[in-house]
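Single-letter residue listing:
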Amino acid sequence: MKGIVFTEFLELVEDKFGLATVDKIIEQSKLASGGVYTSVGTYDFSEMLSLLTHLSNHTSISIDDLLLTYAEHFFGVLAASYPGLIDKYEDPIELLSSIENHIHVEVQKIYPDAELPTFEVLEKTSSTLIMIYKSSRAMYNFGLGLMNKTFEYYNSTATILLEKIKEDGTEVKFSITKH
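Counting restarts for each chain, with residues numbered from 1 along the sequence as it is written. pLDDT decides what is reported in this predicted model: residues at 70 or higher carry local features, side-chain atom pairs at 80 or more are listed and counted, and totals for whole chains, interfaces and linings draw on all residues regardless. Working from all heavy atoms in the structure, the side-chain values ignore hydrogens and water.

Asker: An account of the packing of helix H4 (residues 63-81) against helix H8 (residues 140-153) is needed here, citing residue identities and associated values.
Answerer: As a rule, the C-alpha atoms of each element are fitted with a line to give its axis, helices using only the stretch in contact, and angles between N-to-C directions run from 0 to 180 degrees. Put simply, DSSP H or I for four residues or longer makes a helix, DSSP E for two residues or longer makes a strand, and each gets a number counted from the N terminus. It is at 7 Å that the axes of H4 and H8 come closest, and there the two elements cross at 45°. Here H4 lies oblique to H8, going by the angle between them. Between H4 and H8 lies a crossing of right-handed hand. Judged by residue contacts, Asp64, Leu67, Leu68, Tyr70, Ala71, Glu72, Phe74, Phe75 and Ala79 of H4 engage Tyr140, Asn141, Phe142, Leu144, Gly145, Leu146, Asn148, Lys149, Thr150 and Tyr153 from H8. Gly is placed with the polar residues, together with every amino acid not listed as nonpolar (Ala, Val, Leu, Ile, Met, Phe, Trp, Tyr, Cys and Pro) or charged (Asp, Glu, Lys and Arg). Of the residues assigned to the contact of H4 with H8, the class counts are twelve nonpolar, four polar and three charged. Each angle gets one of four labels, with under 35 degrees taken as roughly parallel, over 145 as roughly antiparallel, 65 to 115 as roughly perpendicular, and the rest as oblique. Left-handed is the label given to a crossing in which the near helix is rotated counterclockwise from the far helix by less than a right angle, and right-handed is the label when the rotation is clockwise. Pairs of residues are marked as contacts when any of their non-hydrogen atoms sit within 4.5 Å.

As structure tokens, this is what we get:
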């Protein structure tokens, strides 16, 4: 997993819960990296899972809710750091339907060894989008948070339903209806 995901996560934790919480979850997690990350480095996903688990235990906030909150923060980072990726689109459905064939292609250029989820578009109209998310990391709530912020970015609203195709969350169907 790319280091930017870790550095931004720890920044969010510090902003929301304080530096002492960052120190505590790093210490409890017993990380191979020691909790020292660079944005361009690559780190094992198990470290993120450990940090999330310890933060959830410390705050009594579910991992799913933490991922939603983190995704909203991360969208802001992406929008500020890579505005050309987002501003190319005039509509949230257009942007979301281009994740696999444009956004992830551009991310791979910046981070060639990034392990990204896949998004298969099953159906798309001007107001609906049905996609299948696949990832061994099962971070579908992170994807949901990014989708929510995408609609907010375009001053739009949507109903986003998710259905686990595989119970472990490694394959999820998103059904999106723009209002």
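There is more to say, and it comes next.
Asker: Quick rundown of the sheet that holds strand S2 (residues 128-134)? Include the residues and the values.
Answerer: The four strands lie next to each other as S1-S2-S4-S3, forming an open sheet whose pairing is antiparallel. This sheet does not close on itself; its edge strands, each paired only once, are strand S1 (118-124) and strand S3 (158-164). Neighbour-to-neighbour, the strand axes of the sheet open up by a mean angle of 20°, direction not taken into account. DSSP calls a pair of strands paired once it identifies at least 2 bridges connecting them. Judged from the six bridges that link them, S1 and S2 form a sheet pairing that is antiparallel. Opposite valine 121, over in S2, you have methionine 131 as the bridge partner. In the packing of H8 onto the sheet, contacts are made with S1, S2, S3 and strand S4 (171-178), and the angle to S3 comes to roughly 170°.

Asker: Pulling in residues and values, what's your account of the nonpolar core?
Answerer: Looking at soluble globular proteins, one finds that nonpolar side chains tend to be buried together. Ranked by size, the top nonpolar core spans 55 residues in total, and within it Phe9, Leu51, Phe174 and Ile176 carry the most contacts. For this core, the element with the highest residue contribution is H4, accounting for nine residues. Beyond its immediate sequence surroundings of up to four residues, isoleucine 176 is in contact with Ile93, Leu96, Ser127, Thr128, Leu129, Met131, Met147, Phe151, Ala158, Thr159 and Ile160. Each nonpolar core is a collection of buried residues, namely Ala, Val, Leu, Ile, Met, Phe, Trp, Tyr and Cys, held together in the definition by side-chain atoms within 4.5 Å. A 1.4 Å probe rolled over the protein chains alone gives each residue an accessible area, and that area as a share of the maximum for its type sets the label: buried under 20%, exposed over 50%, partly exposed in between.

Asker: Break down the environment of tyrosine 37 for me, citing the residues and quoting the values.
Answerer: Following the sequence through the fold, tyrosine 37 ends up in the loop between helix H2 (19-29) and helix H3 (45-59). Distance in space between the C-alpha atoms of tyrosine 37 and leucine 10 is 9.6 Å, their sequence separation being 27 residues. Non-local contacts of tyrosine 37, meaning those with residues more than four positions away in its chain, are made with Gly3, Phe6, Thr7, Leu10, Leu31, Tyr43, Glu47 and Leu51. Looking at tyrosine 37, its side chain comes within polar contact range of the side chain of serine 33, at 3.4 Å. Nitrogen and oxygen atoms within 3.5 Å of one another constitute a polar contact, given that in protein one can donate a hydrogen and the other can accept it, and given that sequence-neighbouring residues count only through two side-chain atoms. At 2.6 Å, the side chain of tyrosine 37 and the side chain of glutamate 47 are in polar contact.

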